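# Commentary on secondary and tertiary structure
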Amino acid sequence: IGHGTVNASSRRATTAWAAKNELNLRQIVQKEYHGSVDNLSSLQVTQMLSPPGEKKRGELSSTNRSYTNNEPLRQQLFTLPIIPLLYERILPPLWSAGLRIGGPDAEYESAADFLYKNNNENEKSAESTKSGLGIGLDLSCGTGFVAIRMAQSNMFQHVIGLDYSPQMLQEGIATIQRQRLDLEGNKNGRAKNSRRLSWIRGDAGSLPFEDESFDVIHWGAAMHCVPDVEAAMEEVYRVLKPGGKLYATTFLRPFPDVVFRFFDLVELETLAKNAGFAGSSSNSDDQRQQLEVEGRGVYGIIRAVK
């Protein structure tokens, strides 16, 4: 699927940049999608959604359980044209009123406080970090308000926003164009194709990436929408590098399990542990293999280090 407008010269510039830098996106994308890597762009959506039944989850790792979408309605709802409008124009005031941590800025800052902690605490700039935090994934990114902010932070070589809904991803592109965002930091008042951000249509339960590909993963307010959250959490653990960080949020009961699946804090901790994330280390100096689950009203937060 290709959406948005990106000209041949912009695509060549992105490809040339990747070729001459240490970041090679083919290293993180599974072989069957190598042909799509040159199309990765901040101004179009790249299809990396496996046909049903053709791909096995974790086939590049020791896990080899086949993945089946048993709850398609949870995902299909987000392909309705009205949903991106709700996310961009109507829901943010409700989030700020307490349904979530806050509005888009507050949501991003909460994630950044954990994901960026102890990584160049004094300065968060590409000037001081060169490669920053490496590669970041905004999983189930929706309209991409966190992915865009991650790209603007200058903390990453590259950020990927992945979602099942092409309509949501297209709204992220529209935001870049509508607000004339230049993610490279140039102040020319026009949206440009950026080497820092790309949009992929994919499935959280069957990620199109190699093992140990990402330095950080943000998975915001989406676990309740995923058809097989156990499979998705295992995929998150698989594609996260050792020492990499996960910041995930979702809604808690007493929301009823009708279309979506909601959780309590014990379930969230169990999901993370079953996927491979361990509890907090007894050694305060050891930041690896940590897991913290927090509830804020009806909002659940997972902070984990692989």
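Now for a quick tour of the structure. (Residues numbered from 1 in each chain as written. Predicted model: local features only at pLDDT ≥ 70, side-chain atom pairs only at ≥ 80, totals over all residues. Heavy atoms only, no water.)

Counting its regular elements, the chain contains nine helices and eight strands. By the burial criterion, 51% of the 306 residues in the chain qualify as buried. In the chain, once contacts between residues fewer than 6 apart in sequence are set aside, the share between residues at least 24 apart is 71%. Carbon and sulfur atoms make up 48% of the accessible area of the chain, which amounts to about 13600 Å² in all. (Helix = DSSP H or I, 4+ residues; strand = E, 2+ residues; numbered from the N terminus. Buried < 20%, exposed > 50% of the residue type's maximum accessible area, 1.4 Å probe, protein only. Contact = heavy atoms within 4.5 Å. Areas by Shrake-Rupley, 256 points an atom, 1.4 Å probe, with all protein chains shown as cover.)

Taken together, the buried positions of helix α9 (residues 265-275) are occupied by Leu268, Leu271, Ala272 and Ala275. Buried residues of α9 fall within an arc of 90° about the axis and therefore sit on the same side. For α9, exposure combined with an orientation more than 90 degrees from the buried face picks out Val266 and Asn274. Of the surrounding elements, those touching the buried residues of α9 are α8 (229-239), β6 (240-251), β7 (290-296) and β8 (299-305). If you check the start of α9, you find a side-chain oxygen 3.1 Å away from the backbone N of Val266, and it comes from Asp264. A positive backbone phi angle near 130° is found at Gly276, which sits one or two residues after α9. (Arc of directions from axis to C-beta. Polar contact = N/O pair within 3.5 Å; in protein donor to acceptor, adjacent residues only side chain to side chain.)

In this section: the environment of Leu139. Along the chain, Leu139 turns up in strand β2 (residues 135-139). Put simply, Leu139 and His218 are 79 residues apart on the chain and 6.0 Å apart in space, counted from C-alpha to C-alpha. Discounting chain neighbours no more than four positions away, the residues touching Leu139 are Leu162, Ala204, Leu207, Ile217, His218, Trp219, Gly220 and Val236.

Everything listed is a geometric property; what it means functionally is a separate question.
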